[in-house]
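# Chains, contacts and geometry: an overview
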Amino acid sequence: MDEVTGEIEAVPASEIAVAVDVLDVERIDASSVIQVERATLHEDFGFGDLCCDEAGLGAGHDIALLVLERPVTRQRPVMVPTVESVRGWLVPEHALEIAGYGVQDLATAVGGTLHAARVPFQRQTEYEMLLGGPDVSSDSCFGDSGGPVYAEVDGVRLLLGATSRSADNAATPCGEGGIYTFVPAYRDWLIQNSGGLFDGRAVAARPNSEPTSKPAAEKPSEAPSRPKAPGAGRSEEHTSELQ
């Protein structure tokens, strides 16, 4: 998004690539990079109608789908649950896991290393969730947008959200909670726009693709107390592939 005009700037898929199995963006092996074949931004993306909630929760439709030129074989796909299946256990203070490569210290603006942290669920609208808050030690920040929100239910990891922006009523840029796209609300949209590659449970292998095994990547570092980014769209931030 253009920071001056607020207009959405289209980026050709040919200019986007995804790096897999990376803990430090300064140490990316060429074999980990996969070119994006097609990028689809949600047709209703925008933050103009978030007027009725003090934190700014609404329907920003802050989500996009990337279809890669070849399948990811180094990581196991994570399921996207249905909205109905989430209702029974997603309650206030339920701990969720966020992850990203964003800034750890606003004073230095240094980021680029994968960190993960647990933050509590607060509340949600149909399309967005509010996680964390002023009394929580961890948060997302600049460079974390697009990163995943995971939940674990009965030993199964689920993709529940994607980092969007800070809360409108936050007094500081980072550290007082954030707004996350509620991915289950877009499950049908993802299925319809994936061209048959995604069914909500796994990514279908393409013809002639051979799955390969690899030892699990080193566990990401636990995120320290970190501030959170201000405003709605953030143009310099990391975007994770939806798997």
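No experiment lies behind these values; they were computed from the predicted model shown.

### A look at the overall build of the chain
- Broken down by element type, the chain carries two helices and ten strands.
- Put simply, the chain runs from its N terminus to its C terminus through helices and strands in the order β-β-β-α-β-β-β-β-β-β-α-β.
- On the chain, roughly 12,800 Å² of surface is accessible, and the fraction owed to carbon and sulfur atoms is 49%.

### Regarding the sheet that holds strand β3 (residues 64–68)
- Sheet architecture is open: three strands sit in the order β1-β2-β3, paired in antiparallel fashion. Every other strand in the sheet has two partners, leaving β1 (17–19) and β3 as the edge strands with one partner each. Adjacent strand axes in the sheet meet at a mean angle of 45° when their direction is disregarded.
- Sheet topology places strand β2 (residues 33–41) next to β3; five bridges connect them, and they run antiparallel. What sits directly across from alanine 39, in β3, is leucine 66.

### Looking at a nonpolar patch on the surface
- A contiguous nonpolar patch, built from Val25, Ile28 and Val33 and spanning about 200 Å² of accessible area, is present on the exposed surface.
- Judged by relative accessible area, valine 33 falls into the partly exposed class, the value being 35%.

### Points about the pattern of salt bridges
- Applying the stated criterion across every chain, the model contains three salt bridges.
- Where arginine 157 meets glutamate 97, a salt bridge forms, and the shortest distance between an N and an O atom there is 2.7 Å. With arginine 157 in strand β8 (residues 156–166) and glutamate 97 in strand β4 (residues 95–100), this pair connects stretches of sequence that are 60 residues apart.
- On the basis of relative accessibility, which here comes to 19%, the residue glutamate 97 falls in the buried class.
- When the shortest N-O distance is used, the salt bridge between glutamate 128 and arginine 165 registers 2.9 Å. Here the residue glutamate 128 occupies a position in strand β6 (residues 128–131), and arginine 165 occupies one in strand β8, the gap between them amounting to 37 residues. Neither residue differs from the other here; glutamate 128 and arginine 165 are each classed as buried.

### Overview of the nonpolar core
- Counting residues in hydrophobic clusters, the biggest one holds 16 residues, and the most contacted among them are Leu90, Leu96, Met129, Leu131 and Leu160.
- Listed by contribution, the elements that provide at least two residues to this core are β4, β5 (115–124), β6, β7 (148–153), β8 and β9 (178–182).
- Ignoring anything within four residues of it in the chain, the contact list for leucine 131 reads Leu96, Ile98, Val119, Pro120, Phe121, Gln122, Val149, Gly177, Gly178 and Tyr180.
- Judged by nonpolar contacts, the second largest core, of twelve residues, contains Val80, Tyr186, Trp189 and Phe198.

### So, the confidence of the model for the chain
- Per-residue confidence for the chain gives a mean pLDDT of 79; residues scoring 70 or more make up 77%.
- Ranking the elements of the chain by mean pLDDT puts strand β10 (residues 221–222) last, at 48, and helix α2 (residues 187–193) first, at 95.
- In this model, residues 221–243 is a region of pLDDT below 50 whose contacts with residues beyond four sequence positions or in other chains number 103 contacts.

### Quick notes on the pairing of β6
- Residues Glu128 and Leu130 point to one face of β6 and Met129 and Leu131 to the other, with burial holding for every one of them.
- Strand direction decides the pairing type here: β5 and β6, joined by three bridges, are antiparallel. Note that in β6 the partner of phenylalanine 121 across the bridge is leucine 131.
- Inspection of the sheet shows β6 paired to β9 by four bridges, in the antiparallel sense.

### Structural notes on the packing of aromatic side chains
- If you walk through the whole model with that rule in mind, you get one aromatic pair.
- Both rings, one in tyrosine 127 and one in tyrosine 186, keep their centres 5.4 Å apart while their planes meet at 45°; by these two values the pair is tilted. Of this pair, tyrosine 127 sits in the loop between β5 and β6 while tyrosine 186 sits in the loop between β9 and α2; the two residues are 59 residues apart in sequence, bridging distant segments of the chain.
- With relative accessibility at 23%, the residue tyrosine 127 sits in the partly exposed group.
- Across the ring face of tyrosine 150, the terminal group of arginine 157 is positioned such that the distance to the ring centre comes to 4.2 Å.

### Notes on the pairing of β9
- In terms of burial, β9 is a largely internal element, five of the five residues being buried.
- Bridging between β8 and β9 involves five bridges; their strand directions are antiparallel. Across the sheet, residue serine 166 finds its bridge partner in β9, namely glycine 178.

Basis of the calculations
- Residues numbered from 1 in each chain as written.
- Predicted model: local features only at pLDDT ≥ 70, side-chain atom pairs only at ≥ 80, totals over all residues.
- Heavy atoms only, no water.
- Helix = DSSP H or I, 4+ residues; strand = E, 2+ residues; numbered from the N terminus.
- Areas by Shrake-Rupley, 256 points an atom, 1.4 Å probe, with all protein chains shown as cover.
- Pairing = 2+ DSSP bridges.
- Axes fitted to C-alpha atoms, helices over the stretch in contact; angles between N-to-C directions.
- Patch = residues over 30% accessible without salt bridge, like charges linked within 9 Å, V, L, I, M, F, W, Y side chains within 5 Å.
- Salt bridge = Lys/Arg side-chain N within 4 Å of Asp/Glu carboxyl O.
- Buried < 20%, exposed > 50% of the residue type's maximum accessible area, 1.4 Å probe, protein only.
- Core = buried A, V, L, I, M, F, W, Y, C linked by side-chain atoms within 4.5 Å.
- Contact = heavy atoms within 4.5 Å.
- pLDDT = per-residue confidence, 0-100.
- Phe/Tyr/Trp six-rings, centres within 6.5 Å; stacked < 30°, edge-to-face > 60°.
- Lys NZ or Arg CZ within 6 Å of the ring centre and 35° of its normal.

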